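Secondary and tertiary structure notes
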Amino acid sequence: MDKYSDFRSDTVTRPTPNMRKAMAEAIVGDDVLGDDPTVQKLEEMSAGMMGKDAAVFMPSGTMGNSVAIKAWTRELEEVIVEAKSHIYNMESTHMTFISRVLPRVLNSNRGAMDPDDIEKNIRKSSVHIPKTSLICVENTHNNWSGAVVPLDNLKEIRKIADKHEIKVHLDGARIFNASHATKIPVKDYAAIADSVMFCLSKGLSAPIGSMLIGPREFIDMARRVRKALGGGMRQVGIIAAAGLVALTEMVDRIQEDNIRAKKLALAIAGFPGIKLEPEFIQTNIVIFGFNHPRLTVSEFLNRLNERGILALQVSKKEIRFVTHKDVDDEDVDRAISAFRAILT
Ligand code: TLP
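If you're wondering where the values come from, they're calculated on a predicted model, not measured in any experiment. All residue numbers refer to position in the chain's written sequence, counted from 1. Totals for whole chains, interfaces and linings use all residues, but because this is a predicted model, local features are given only for residues with pLDDT of at least 70 and pairs of side-chain atoms are given and counted only at 80 or more. As a convention, hydrogens and water are excluded, and side-chain values are obtained from all of the structure's heavy atoms.

Right, let's get into the site of the ligand. Inspection of the region around the ligand gives 17 residues, with S9, G61, T62, D171 and R174 positioned closest. Any pair of nitrogen or oxygen atoms within 3.5 Å is treated as a polar contact; in protein, a donor-acceptor pairing is required on top of that, and neighbouring residues in sequence qualify only through side-chain atoms on both sides. The separation between an oxygen atom of the ligand and a polar side-chain atom of T62 is 2.6 Å. At 2.7 Å, a side-chain N or O of D171 approaches a nitrogen atom of the ligand. Taking 500 Å² as the accessible area of the ligand by itself, protein coverage stands at 83%. Each helix corresponds to a stretch of at least 4 residues labelled H or I by DSSP, and each strand to a stretch of at least 2 residues labelled E; elements are numbered beginning at the N terminus. Here the element with the most residues in the shell around the ligand is helix α3 (residues 61-72); it accounts for three residues. Being near a molecule or strand, for a residue, means having at least one of its heavy atoms within 4 Å of it. Where accessible areas are quoted, they stem from the Shrake-Rupley method and a 1.4 Å probe; at the residue level, only the protein chains shown are allowed to cover.

Encoded structure:
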């Protein structure tokens, strides 16, 4: 196969020529000693975009989330998480492994947890019971097929958190996709949370990196935790330079990904074996159920692969397609033709 159309994730995006140029020319210093001006610029810009005091550059989204939880909590405490959240399902148990806190897992309506349910599950510490100290929300919600969690719901959650003096962390890996879908500024989403993590290495197309943003004292602690986990990086301005290009040149482009995902969803929804409601596709992730009389999920993925289409199996009977910078309209059309050829 000469060329694959790679829909497995937006993490596969390659850096742009401007990113490579910026990386080659980046002014760098030892960031652990606080000397890297390119990293500092990226951190300042990120904090400004989210309307918060400070930010710290992280090697990955997973480290951003794990450091946030470690910095906000102590042992013998509990964290409220959504049942299908990335933090709970896909981050190798760092809540228990690193922070040694207990996840309290709540169901949701497409990523939106019921504020009353949250309030009922907030626990005051006693000799028997862990104290709830943090609520984690995710927007867009990956496993709910890129659903946007409504701002009103998040504001209600914020109110409950304030009432009980609990912190809120937003896993905003794809917060710019949410903002494009709703036309609500990212700052408004960030305002409901004490801390926000967003990824540079997904739709924004930087090769590596995520930002953790929040109050200055929290970020100072996050820097210490990052170092303790081995995430202190030296002349990392080389990578931060690509992040700066991502934030200055790639944010608007993300809306194309949302549009292409919708196009794909509308086209494949009617094919035999596909269980998908296109009205639920709001951003760049299309997760659909697969139940075909002739083909298993892995057989179908193999058949797609033979036609140069890559996608991911995300559960026993579910497949995921993600749109991003490196799949264009032609790739989407190629995928739709492959569905037609294999399934009809
Ligand atoms: N998600 C990846 C995989 O881990 C599944 C993907 O391909 O979608 N929060 C959310 C909502 C995410 O989707 C991801 C990555 C992360 C955090 C973690 O980011 P990284 O991969 O940089 O550790």
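Okay, the packing of aromatic side chains next. Centre distance within 6.5 Å is the pairing criterion for rings of Phe, Tyr and Trp, where only the six-membered ring of Trp is used; planes under 30 degrees apart are then read as stacked, over 60 as edge-to-face, and the remainder as tilted. Using the criterion set out here, one finds nine aromatic pairs in the structure. Relative to F198, the ring of F176 lies with its centre 5.4 Å away and its plane at 90 degrees, an arrangement referred to as edge-to-face. Taken together, the residues F176 in helix α8 (residues 175-182) and F198 in strand β7 (residues 195-199) connect sequence positions 22 residues apart. Each member of the pair, F176 together with F198, is buried. Accessible area is worked out with a 1.4 Å probe on protein chains only. A residue is then buried under 20% of its type maximum, exposed over 50%, and partly exposed in between.

For this document, the term salt bridge refers to a Lys or Arg side-chain nitrogen within 4 Å of an Asp or Glu carboxyl oxygen. The final tally for this structure, using the stated rule, is 20 salt bridges. A salt bridge links R8 to D6; the nearest nitrogen and oxygen atoms lie 2.7 Å apart. When its relative accessible area of 14% is taken as the criterion, D6 is described as buried. The partner of R253 in a salt bridge is D257, with the nearest N and O atoms 2.8 Å apart. Looking at R253, the relative accessible area reads 14%, which means it is buried. Residue classification places D257 among the buried residues on the basis of a relative accessible area of 0%. A network of salt bridges, in which partner residues are shared, links E256, R260, K263, D329 and D333.

Further remarks concern the side chain of R260. Mapped onto the elements of the fold, R260 is located in helix α12 (residues 254-268). Under the relative-accessibility criterion, R260 is labelled buried at 12%. Polar contacts involving the side chain of R260 include one to the side chain of D329, which spans 2.9 Å. Residues within four places of R260 in sequence aside, it is in contact with T323, V327, D328, D329 and V332. When checking whether two residues touch, look at their non-hydrogen atoms; a contact exists if any pair is within 4.5 Å.

Below, the discussion takes up the nonpolar core. Generally speaking, soluble globular proteins have nonpolar side chains that are buried together. Nonpolar core, defined: a set of buried Ala, Val, Leu, Ile, Met, Phe, Trp, Tyr and Cys residues in which side-chain atoms within 4.5 Å join the residues together. One finds F57, I135, F176, F198, L200 and L204 to be the most contacted residues of the largest nonpolar core, which totals 53 residues. Considering each element in turn, this core owes the most residues, seven residues, to helix α11 (residues 237-249). Among residues more than four places away in sequence, those in contact with I135 are I80, M113, I118, I157, A161, I166, K167, V168 and H169.

Turning our attention to the domain arrangement of the protein. Entries for the protein in the domain assignment read domain 1 (17-250) and domain 2 (253-343). Domain ranges listed in this record stem from an automatic or a database domain assignment. The C-alpha centroid of domain 2 is placed 28 Å from the C-alpha centroid of domain 1. Between domain 1 and domain 2, the residue contacts involve 19 residues of the former and 15 residues of the latter. Applying the counting rule to domain 1 against domain 2 returns zero salt bridges. The tally of links between domain 1 and domain 2 comes to seven residue pairs in polar contact (both at pLDDT 80 or more). Classes in brief: Ala, Val, Leu, Ile, Met, Phe, Trp, Tyr, Cys and Pro nonpolar; Asp, Glu, Lys and Arg charged; the others, Gly included, polar. Each residue belonging to the side of domain 1 that touches domain 2 can be placed in one class, and the counts come to seven nonpolar, nine polar and three charged.

The strand order β2-β8-β7-β6-β5-β3-β4 describes an open sheet built from seven strands, whose pairing is mixed. Of all the strands in the sheet, the pair left with one neighbour each is β2 (54-58) and β4 (102-106). When strand polarity is set aside, the average angle formed by the axes of neighbouring strands in this sheet is 20 degrees. Judged from the three bridges that link them, strand β6 (residues 167-171) and β7 form a sheet pairing that is parallel. Residue pairing for β7: H169 is matched across the bridge by S195. Across the sheet, helix α2 (residues 37-50) lies against β2, β7 and β8 (210-214), angled at about 125 degrees from β2, the strand it touches most. Only strands joined by at least two bridges in the DSSP assignment are considered to pair. Interaxial angles span 0 to 180 degrees and are taken between N-to-C directions of axes, which are lines fitted to C-alpha atoms, for helices over the stretch in contact.

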